[in-house]
Each structure stands twice: as structure tokens, then as C-alpha cells.
Amino acid sequence: RPRTFGALEFAFFLSVWQTVFAVPLFVRELRSENKGIFSAGLSVRKTCRTFAVALLTGAMFGLSTYLYVLGVQKAGAASAAIAIQAYPVFAILWETLFLKRRKTPVELAWTALLMAALYYLGTEGTGRIDGFSAWFLLVLGVPFLWSVAHVVIKEELGRTPVTPAQVTFFRVVVSALFLAGLLMATGRWDSLSGALQPGFQAFAIVMGLVYYLELIVWFYAVRHIDVSLASSITAPWPAFTMVLAAVVLGDQIETHQIVAFLVVACSIYGLTLAGLRKACRRSV
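All values derive from a computational prediction rather than experimental measurement.

K.L.:
Could you give an account of the overall build of the chain, naming the residues involved and the relevant values?
P.N.:
Helix and strand counts for the chain stand at eleven helices and zero strands. Counting from the amino terminus, the chain carries its helices and strands in the arrangement α-α-α-α-α-α-α-α-α-α-α. Burial analysis of the chain (284 residues in total) assigns 48% to the buried set. The long-range fraction of contacts in the chain, counting pairs at least 24 apart against all pairs at least 6 apart in sequence, stands at 87%. Accessible area of the chain: about 14,100 Å², with a carbon and sulfur share of 69%.

This is how it looks when you write it as C-alpha cells:
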């Protein structure tokens, strides 16, 4: 994004454009036979629970979007991309604690290796705690929030007929409203007038479209597989981020970033294979 505009303002417009792109599919479903949550005939209790889930997860996603934009700026695109790979660790934790889906010793071993690699990256390859980057720690808040919200939504997808398109629409609407409230609370609402120029909005529109497509594909995926497994499958994306950061942004890729990525990728694929083997044993 243009450096002259703040992360909060960009996160707000990013969410606004996601909402714009989410409207057509949402309206199309309403006009079809499959109206999802609107044809479920839910009780008052279930309706209130679904509404509460939408508000809670939407606020989490709104805050994570802001941390995402700010973290990439402060920690660097490559380090931020690898830090977000802590997502499967948090997803495994929540699935174990709240959904009672126990992990095997092999899965726990791969998770420990993944955490060690993230610690190594956070200390910029020194291994010293005094060298731990505060901005890297901030970026870890993104997968933390994502994991909690996605595990909650995964359960809601299983309990109600809400469709992925509806989940995506509610998620981006609440996120935009949450960030709007944050702008007002911090006295930065007036700064939005300067963000209406084409140069700024072009980046927000492109990012909004990409992010929306990622969300709709993601929610269709987690309807059928565990969140921890879905997040593991996306392991290679920091490699693309590092290449693009070097080519487009001129970032210098450090040796410790490459080492951390290789270990993280191996750990996540180890988790994926262990999860698939466990699923096969259950089905037999």
C-alpha cells in the first residue's frame, strides 16, 4: 500500500472492498433454492447463537486484518508470511482443548519442531530471547485470532445450514463495521477523506478481491476438513511471498529466513501426513 496512509485506514478499505465483492454471490444464493441460514427455520436460541458467533468472529477478523497490514509493514513481508505459518499450531491447540481432538505423539513432535523454527525466526537467527522482535510477536497475533475464529466457524458450519458464501459475507461486513468503530474511537475517521484518491483505492480494490477469493475458497474447504489440516496444506505460500518481496519490494532475504521457512514447511507437511494417516485409521 502507499506508505503515506496508515495501516488502520488501509485495513478498513480492504474490508469494505471485500464486502463489495462478497455481495453478488450472497444475493445470488438468496434468489436460489438454497437460501442457507435464511431457510433453516432456526429457533430463537440458535438464531441468537449464530448472530453472536458472527459478531465475535467478525470482530476477530477485523482486528487480525489490521494486525496483518501493520505486521507486514513492521516485520517485513517475508518474516510476516512465515510467522503466520504458526496458524496450524494454534488450530491444533484449540481443536485439542475445546473439540477434544487429541493429537498423536508424531503430530506433537512436528508441532514442537515448527515452534522451534518460529522462535529461531523471531530472534532473527540468533536464538537469543533479547533479540526477539516485538513486531514478529505482533504478527503472531494474526494466526492466533484466525485459528480461534476459524475453529468456531467450522463448528457453526457443521451445526447450521449456513453456506460459505454467507459466512464470508457476514465476516467481511462485521469486520468493516468493527474497523470503522476503531477509526472513530481513535479519532482517525476524518483521515479517510485523503484515502479516496485512485492510487490508494487501486491497491485496496486489488487486495480486497484477492482476499475475498481466498476467504470463499477457505470456507468451502474447512466445511469438509479440519482447520489444522487445511492450514497445513497452504504451507508453500511464504516461499512465493519471499520471491515477490525480493523482486517487487527489493527486500533482502536473509539466510535465517530461508532456513526457518524450510523447517516450517517440513514440519507442516509432516503434520499433514500424520493427520491423513490418522484419518485413514479412523475410517478403517
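Okay, back to it.
K.L.:
Can you tell me about the side chain of Ser-15, naming the residues and giving the values?
P.N.:
Within the secondary structure, Ser-15 is located in helix α1 (residues 7-31). Judged by its relative accessible area of 0%, Ser-15 falls in the buried class. Apart from residues lying up to four places away in sequence, Ser-15 is in contact with Thr-65, Val-172, Ser-175, Ala-176 and Leu-179.

K.L.:
An account of the pattern of salt bridges is requested, with residue identities and associated values reported.
P.N.:
In the structure shown here, the tally under the stated rule is one salt bridge. Linking Arg-188 and Glu-9 is a salt bridge whose minimum nitrogen-to-oxygen distance equals 3.0 Å. Of this pair, Arg-188 sits in the loop between α7 (164-185) and α8 (198-222) while Glu-9 sits in helix α1, and the two are 179 residues apart along the sequence. On the accessibility criterion, Arg-188 (29% relative accessible area) is partly exposed.

K.L.:
Describe α7, with residues and values.
P.N.:
In an α-helix, one turn spans 3.6 residues, which is why side chains three or four residues apart end up on the same side. Helix length check: α7 (22 residues) gives 31 Å between terminal C-alpha atoms against 32 Å at 1.5 Å per residue, within 8%. A positive phi of about 70 degrees marks Gly-187, the residue just after α7.

K.L.:
Now, about the packing of aromatic side chains: what can you tell me, with residues and values included?
P.N.:
Applying the stated criterion across every chain yields a total of nine aromatic pairs. Relative to Phe-200, the ring of Phe-10 has its centre 5.7 Å away and its plane inclined at 85 degrees; by these criteria the two rings are edge-to-face. Residue Phe-10 is located in helix α1, and its partner Phe-200 is located in helix α8; the two are separated by 190 residues in the primary sequence. For the pair formed by Phe-10 and Phe-200, the shared burial category is buried. For the ring pair Trp-17 and Phe-21, a centre distance of 6.4 Å and an interplane angle of 40 degrees mean the geometry is tilted. Of this pair, Trp-17 and Phe-21 both sit in helix α1, four residues apart, which is roughly one turn of the helix. For Trp-17, a relative accessible area of 23% translates into the label partly exposed. Here the aromatic residues Phe-10, Phe-12, Phe-13, Trp-189 and Phe-200 are joined through ring pairs into a cluster of three or more.

Criteria and cut-off values
Residues numbered from 1 in each chain as written. Predicted model: local features only at pLDDT ≥ 70, side-chain atom pairs only at ≥ 80, totals over all residues. Heavy atoms only, no water. Helix = DSSP H or I, 4+ residues; strand = E, 2+ residues; numbered from the N terminus. Buried < 20%, exposed > 50% of the residue type's maximum accessible area, 1.4 Å probe, protein only. Contact = heavy atoms within 4.5 Å. Areas by Shrake-Rupley, 256 points an atom, 1.4 Å probe, with all protein chains shown as cover. Salt bridge = Lys/Arg side-chain N within 4 Å of Asp/Glu carboxyl O. Expected span 1.5 Å × (residues − 1). Phe/Tyr/Trp six-rings, centres within 6.5 Å; stacked < 30°, edge-to-face > 60°.

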